[in-house]
Structure formats: C-alpha cells, structure tokens
Amino acid sequence: MKLHYLIIPILLSLSIQCYGQKTRAELIFKDSTVMKGYAEPTNVNNIRFRKEKRAKKQFFSFEEVDTLKVYYDFEPTIFVLVKIKDKTVPEVLEMAHTGKNVTYFREVSQGYSAPIMTPTGGGGFLMTGGGAYNTIYSYLRKPNEEEALYLGSSYWLTKNFKKTASDFFSDCPSLVKKITDKEMKKRDLKEIINYYNSVCE
C-alpha cells in the first residue's frame, strides 16, 4: 500500500513536466528579440525551451528574457521577473491582470494530499480524500512602484489580509471601507482589483 502513495505523486510530477515541455510559447528577450517554440518556467527562475517538440532542450534565464508567454489556452499566460518588497531575490510570477492603478501578479503552487485510510472492520480499510490542490500566492504593484507587495495566499489559514489590503488601498477610502466592513473579503480579490482600477482615482 505504501508503494502506491509514492507512485501517485511521482507520476503526477512527471505528467506535469511532460505537458509543460509541449506547451507553445514565446520568449521575448530584453533586446526585443522574439523566439517561438515550446517552453515552461522552472522552479529556479529559468526557462526550459525547445524550438520544436523533439528538439534538444535549451535553458534561458530571466536575466536575459524580459517576458515569457505560454499558451496553455487561446490567450497567453505571461511570466515576468518581479521585485518583491522585503525580499532580496526577485521571483518569476504570472502577470494575471494589468489595470490603470494596479497590476496583479500571482504564483500557483501545486500540492498533493495523501488519502486517509479508515478502518472498516474485519481487517478492511476505506480510502477517502486525497488528490492534487493549488495554492495561489497573490502580489500587487502600483504603476509608480518598483516592488510588488505580497498580499497573501488562498490557503485558508492566511492572516492579516484585511490590514494588508487596507494599507495598500489606503488612497481609496470607499474600497477600504468595503474591506474593513467585510463586504469584500480575500475570496473577492478579483472584484477588489477591478473596483480599484475602475472606481478609484
């Protein structure tokens, strides 16, 4: 039984890597050169790239690449290197939304929870739960700022969202009131960002 627990996460990881290497992408370098092929960002702020699906792998860093566009769907998912407040090393984040007042970046981390084995009597067990899940880490940056602010994650134990969001949006009193009155909460982040970009000056 323990062997199965080891196999499932390994297979999941391998399937993600294989899928990523076959994803259509564009690399836009800092000198404006564009390279098209198949790519995926790695967990060390590098890019694994192939000109063709069966071509030899190449690796590029975000020191030379300005923007990575990955076409998981019709519209590209855009990755850029972002400086983050109170962190010494920039991180590669997805640019999820850009507006006149704020840009929203995020990092999606995939985890796996093991199934729970419950005794059923007679030496048997019932396997429940388990599976892959995503945690989203959210960052915000205003146009006149160089660093993005970490706002929190989708993990339910994340604290201080109300205070952090109220401080960040302090130049928009009507939005701060909605946050402090709990009219808008962490789960309403998309609506919060849209409100700030469309209603606030």
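Structure's up top.
None of the values given here were measured: they were computed from a predicted structure.

A.B. asks: How would you summarise the side chain of glutamate 40 if you had to cite specific residues and measurements?
C.D. replies: Mapping glutamate 40 onto the fold places it in strand 2 (residues 34-41). This buried residue, glutamate 40, is left without a salt bridge; arginine 48 holds the nearest opposite charge, at 6.8 Å. Here the side chain of glutamate 40 touches tyrosine 72 through a polar contact of 2.8 Å, side chain to side chain.

A.B. asks: Any chance you could break down the pairing of strand 2 for me, citing the residues and the numbers?
C.D. replies: Both faces of the sheet carry side chains from a regular strand, because those side chains alternate between them. Of all eight residues in strand 2, six are buried; the element is thus mostly enclosed. Judged from the five bridges that link them, strand 1 (residues 24-29) and strand 2 form a sheet pairing that is antiparallel. In the strand pairing of strand 2, glutamate 26 is matched with lysine 36. Here strand 1 hands over to strand 2 after four residues, with serine 32 in that stretch at a positive phi of 75°. Where strand 2 and strand 3 (residues 46-50) come together, four bridges link them in antiparallel fashion.

A.B. asks: Could you give me a rundown of unusual backbone geometry, with the residues and numbers involved?
C.D. replies: Located in the positive-phi region is serine 32, a residue other than glycine, with phi close to 75°. Locating serine 32 in the fold gives a position in the loop between strand 1 and strand 2. Take serine 32: its relative accessible area is 60%, and that puts it in the exposed class. The backbone of lysine 182 shows a phi angle near 65°, a positive value even though the residue is not glycine. Here lysine 182 is to be found in the loop between helix 3 (173-180) and helix 4 (189-198).

Conventions adopted
Residues numbered from 1 in each chain as written. Predicted model: local features only at pLDDT ≥ 70, side-chain atom pairs only at ≥ 80, totals over all residues. Heavy atoms only, no water. Helix = DSSP H or I, 4+ residues; strand = E, 2+ residues; numbered from the N terminus. Buried < 20%, exposed > 50% of the residue type's maximum accessible area, 1.4 Å probe, protein only. Lys, Arg positive; Asp, Glu negative; His and termini not counted. Salt bridge = Lys/Arg side-chain N within 4 Å of Asp/Glu carboxyl O. Polar contact = N/O pair within 3.5 Å; in protein donor to acceptor, adjacent residues only side chain to side chain. Pairing = 2+ DSSP bridges.

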